[in-house]
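Per-entry structural report
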Amino acid sequence: MNDSNDILGLVRPLLKGWPVLLLCIIAALSLGYLSVRKSKATYQASVSIRIQDKESQVNEVVKNIEMFSSTGALMTEIEVLRSRYLVGRALDNLDFRVCYYRKARSGMAETYHRSPFRIEYAFSDSNWMDHMFTFQYAENETLSLHAEKDDTPVNIEGKLGDTLSGAGFWVRILRAEASEGKNPAPFTPDEYGFEVFSRRRLITQYTGKDLLVKMLDKEIPILKIYMNHDVPKKAQLFANALAEAYISEYINNKKEAAYKTLAFIDQEIERVSADLRSSELALESYKRNNKLLDLSLIADAEIKKSAQLELQRIALQMERTQISQVERYLREDIRDSKPVPDYGSVQDPVFRDRLSRLGQLQTQRREFLLKYTDIHPSVKALDEEMVVLRKDLLESIERTLKTQDAQIGELQAPIDENDVRLNMLPEAERQLVSLKRQFALNERAYDFLMNKRAEAAIGAAATISFHKILEPATEPKEPINSLKKVILAISGFMGFLTGAVGLFFRHYLRNAVYSTGQIAEHLDLPLLGIAHRSPAAGNMIPQDFINIASRITSLTHKGLVAVCSGESASGKTFVTRQLAHTLRGLGYKVLIADADFHHPELHLLPPQALSPGLSEFSEGSPAAACIRAGQIDVMPAGSCGRLAAALFQQGNIAARLKELLDRYDFVIADSPRLDIGDDSMPLLREADLCVVVARSDHSRMKTLIALQERFTRYGITSGGIVLNRPREKSSRNLLTRLESA
């Protein structure tokens, strides 16, 4: 097949089915327009937060305070920001509990600070929460309130400012007043609504897909909070409130840890202070009684070294004590959400991060248990993660405790050696060294604890955070889904694509004949011609049929021509009539015989009775009525009293028609369609020429191939194809010109 036929094969289904294509595009554009019109505009606000911004201009002492240290694990912080607990903290600072609505084209639209009214309410039945209340407001300030709960409607009439009471609630609707940040619209007659949300429902609304927390890069500790809402002001306020709640919660957690550490250190200081006072009194008393003023340099150096070693051991023991407390906590059932013991002295950042993650999981589990049971998949997933985390922590604790025991053991050897050297001193000096060492040890322990207490006190009083809001949210001006032209363009394209796919599917599934190239490629029957146009009125004879008639006369100078088709609506009767007119115009005597006993039609133009006709003539009737249609004689089908199969099997039809060739040059028989059966095969076999009519874009190629096989089976060798095309509009005329070229 050449290139032009390939191009035609692609273009033809679209041009032929342009009405379907246009209908699909219009339908898709209509749906797109309705979608744009009905959908609510969505606005997006965003906040940027830098995690653990230790480069901010704060005091160096505060930077190094243990209370403010953080691992800055971004994935952990993302989960914290998206947690129901933190979202609830943010919503507690916003006036989102009551939503105000006004009827709009797309339904009830929220008005927020533009609401022309406000409400006062009380619910003795909490089930009324999360239900929409609507009311009609009239010019005389009358109200008609409507609500529905458990399929039970409630209707209350009243005036503006009246207390409207129902079973389990009362509501008072008042005119809104302008205030800071609020600019109420005029309260005109219309339909309005309001809804009071429960805290659980409100948190659920703001923890769904509209809240998105993302990190800009794994290497850059910056998080972005995105909030989508159909009210731009709410998107801005919530995004900023969530970021501020995150910073505030960070400070509160650090302060809480500082208070716990402060309480622990105070207990230790009280004990060490008592020991210090006791050792100081003992030292002074010994010096006074033995009249000793000071120690030798060697003894003094040994005391300082011993005190330093003891302080290292005390620090390790304090950390070991806290880790042991955490270990005992982890050995118990951590699902009861008891707070994690203080671990401020623990230096390992990975260990601290895992304990922080455990606390977050406990918080999340408490939130889930407000909605689900212990056997819910979400709760089970949390429990499994907590079990794995606890196992990792216990293994880490076991390794840490072994390491600390080894370090404490290593410190014991130099401490013992120092004690031996001190024992070698004279008795009086040795006693003084022992007392002074005890005093120095208590003094340094006291100083160490006081330094830690100072850090903890600063942490408890500080209101700074290393987390910083880099870019607060601003009120968005344009909705993120306002691409109306793009949506309509995509809708139109999808409509075109849907229609094109449907047309191509139908075209290739049907595998209809549309070009002479197909006929030459798949069939052995010769092409007699193409009928591009319908016949014109009067005596005008189309050139197409002149060409077809010339081809027929070249094959048989005169004789019986049987016109058949493989399926209905191929134009068989039309081709029969037009071919007869064309031959008559060329000077031949022509008779049309209606041999289509199943669906006789030739007698209808002009209207005549069916009998007598071909059926009577084939059975031996000496004469049969012929209809004079212009200059053409037409023999109708007759009464068809017998079945068509019986008439054809009788075998006299072809012979009787050939008897008429003494008076006519051509007898053209309009034969039955071959998809009905093989009734007409005796007629076709005896005919001088069989003309098969195939209609472009209608007749199926597999039907024509099957028809050719039947011709071969019945020994029919004289035949040809006429490709029929009815009158075509502009798109089809374009195809005609392309194919002619």
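Residues numbered from 1 in each chain as written. Predicted model: local features only at pLDDT ≥ 70, side-chain atom pairs only at ≥ 80, totals over all residues. Heavy atoms only, no water.

Let's shift gears to the overall build of the chain. In terms of regular secondary structure, the chain is built from 21 helices and 21 strands. Residues counted as buried form 45% of the 741 residues belonging to the chain. Element-wise, carbon and sulfur atoms account for 53% of the exposed surface of the chain, whose accessible area totals about 38000 Å². (Helix = DSSP H or I, 4+ residues; strand = E, 2+ residues; numbered from the N terminus. Buried < 20%, exposed > 50% of the residue type's maximum accessible area, 1.4 Å probe, protein only. Areas by Shrake-Rupley, 256 points an atom, 1.4 Å probe, with all protein chains shown as cover.)

A few words on the packing of aromatic side chains. Tallied over the full model, the rule gives 20 aromatic pairs. When the centroid spacing of 5.7 Å and the interplanar angle of 75° are considered together, the rings of Phe117 and Tyr192 count as edge-to-face. Taken together, the positions of Phe117 in strand β4 (residues 117-123) and Tyr192 in strand β10 (residues 190-196) put the pair 75 residues apart, joining distant regions of the chain. Given the relative accessible area of 0%, Tyr192 is considered buried. Geometrically, the ring pair formed by Phe135 and Phe194 is tilted, given 6.5 Å between the ring centres and 50° between the ring planes. Of the two residues, Phe135 is situated in strand β5 (residues 132-137) and Phe194 in strand β10; the sequence distance between them amounts to 59 residues. A relative accessible area of 1% means that Phe135 is categorised as buried. The exposure class assigned to Phe194 is buried, which follows from its relative accessible area of 0%. By way of ring pairs, the aromatic residues Tyr100, Phe117, Tyr121, Phe123, Trp128, Phe133, Phe135, Tyr137, Phe169, Phe187, Tyr192 and Phe194 are connected into one cluster. The ring of Phe96 is capped by Lys234, whose NZ or CZ atom sits 4.8 Å from the centre of that ring. (Phe/Tyr/Trp six-rings, centres within 6.5 Å; stacked < 30°, edge-to-face > 60°. Lys NZ or Arg CZ within 6 Å of the ring centre and 35° of its normal.)

Further remarks concern the side chain of Glu195. Along the chain, Glu195 turns up in strand β10. Judged by its relative accessible area of 8%, Glu195 is buried. Polar side-chain contacts of Glu195 include one of 3.4 Å to the side chain of Tyr101. If sequence neighbours within four positions are ignored, Glu195 has contacts with Arg97, Val98, Cys99, Tyr101, Asp130, His131, Met132 and Arg201. (Polar contact = N/O pair within 3.5 Å; in protein donor to acceptor, adjacent residues only side chain to side chain. Contact = heavy atoms within 4.5 Å.)

A word on the sheet that holds strand β7 (residues 152-159). The 6 strands are arranged β3-β2-β10-β5-β6-β7 in an open sheet whose pairing can be described as antiparallel. Whereas interior strands pair on both sides, the edge strands pair on one side only; in this sheet they are β3 (107-110) and β7. The sheet shows a mean angle of 25° between the axes of neighbouring strands, taken without regard to direction. Direction of pairing for strand β2 (residues 98-104) relative to β3: antiparallel, over a ladder of 4 bridges. By the bridge assignment, Lys103 is partnered in β3 with Met108. (Pairing = 2+ DSSP bridges. Axes fitted to C-alpha atoms, helices over the stretch in contact; angles between N-to-C directions.)

A word on the pattern of salt bridges. In this structure the tally under the stated criterion is 14 salt bridges. With a shortest N-O distance of 2.3 Å, Glu249 and Arg89 are connected by a salt bridge. Here Arg89 lies in helix α5 (residues 84-91) and Glu249 lies in helix α7 (residues 232-290), a separation of 160 residues in the sequence. Residue Glu249 is classed as buried on the basis of its relative accessible area, which comes to 11%. Using a relative accessible area of 24% as the deciding quantity, one classes Arg89 as partly exposed. A salt bridge links Lys103 to Glu191; its shortest N-O distance comes to 3.7 Å. With a gap of 88 residues between them, Lys103 in strand β2 and Glu191 in strand β10 connect regions that are remote in the sequence. The class of Glu191 is buried, set by a relative accessible area of 18%. (Salt bridge = Lys/Arg side-chain N within 4 Å of Asp/Glu carboxyl O.)

Let us now look at helix α14 (residues 543-555). The end-to-end C-alpha distance of α14, which contains 13 residues, comes to 19 Å, matching closely the 18 Å that a straight helix rising 1.5 Å per residue would cover. If you check which residues of α14 are buried, you get Asp544, Phe545, Ile548, Ala549, Ile552 and Thr553. What you see down the axis of α14 is that its buried residues fit within an arc of 165°, all on one side. Close packing links the buried residues of α14 with β14 (527-531), β15 (559-565), α15 (572-585), β19 (666-670), β20 (689-695) and β21 (719-724). (Expected span 1.5 Å × (residues − 1). Arc of directions from axis to C-beta.)

Judged by side-chain polarity, Val486, Ile490, Phe493, Met494, Phe496, Leu497 and Val501 come together as a nonpolar surface patch covering roughly 620 Å² of accessible area. Structurally, Leu497 can be placed in helix α12 (residues 484-510). (Patch = residues over 30% accessible without salt bridge, like charges linked within 9 Å, V, L, I, M, F, W, Y side chains within 5 Å.)

It is the contact of α5 with helix α6 (residues 199-206), at a shortest axis distance of 9 Å, that shows an interaxial angle of 110°. It follows from the interaxial angle that α5 and α6 lie roughly perpendicular. Contacts between α5 and α6 pair Arg84, Val87, Gly88, Arg89 and Leu91 from the former with Arg199, Arg200, Leu202, Ile203, Thr204 and Tyr206 from the latter. Looking at the contact of α5 with α6 residue by residue, the classes come out as 5 nonpolar, 2 polar and 4 charged. (Parallel < 35°, antiparallel > 145°, perpendicular 65-115°, else oblique. Nonpolar A, V, L, I, M, F, W, Y, C, P; charged D, E, K, R; others polar.)

Within the secondary structure layout, Pro479 lies in the loop between β13 (468-471) and α12. Given a relative accessible area of 15%, Pro479 falls into the buried group. For the pair formed by Pro479 and Asp230, sequence separation is 249 residues and the distance between their alpha carbons is 8.3 Å. In this view, Pro479 contacts Ala41, Thr42 and Tyr43; residues no more than four positions away in its chain are not counted.

Let us now look at the sheet that holds strand β9 (residues 169-175). If you trace the 3 strands from one edge of the open sheet to the other, you get β4-β9-β8, paired in antiparallel fashion. The open sheet has two edge strands, β4 and β8 (163-166), and neither has a second partner. For this sheet the average axis-to-axis angle between neighbouring strands, irrespective of direction, equals 20°. Pairing of β8 with β9 involves 4 bridges; the strand directions are antiparallel. Opposite Thr163, over in β9, you have Arg172 as the bridge partner.

Not every positive phi belongs to a glycine, and Asp130 is a case in point at roughly 65°. Take Asp130: it is sitting in the loop between β4 and β5.

If you trace the backbone, Asp596 turns up in the loop between β16 (590-594) and α16 (614-618). The class for Asp596 is buried, based on a relative accessible area of 5%. Side chain to side chain, Asp596 and Lys572 meet in a polar contact 3.3 Å long. In this structure, Asp596 is in contact with Lys572, Asp670, Ser671 and Pro672, ignoring residues within four places of it in sequence.

Here we come to the confidence of the model for the chain. Summary statistics for the chain give a mean pLDDT of 77 and a share of 73% for residues scoring 70 or more. Mean pLDDT across the secondary structure elements of the chain bottoms out at helix α3 (residues 60-63), with 42, and peaks at β10, with 94. Predicted confidence for residues 535-540 stays below pLDDT 50, and this span has 4 contacts to residues more than four positions away or in other chains. Residue range residues 728-741 is modelled with pLDDT below 50. Its contacts to residues more than four positions away, or to other chains, number 17 contacts. (pLDDT = per-residue confidence, 0-100.)

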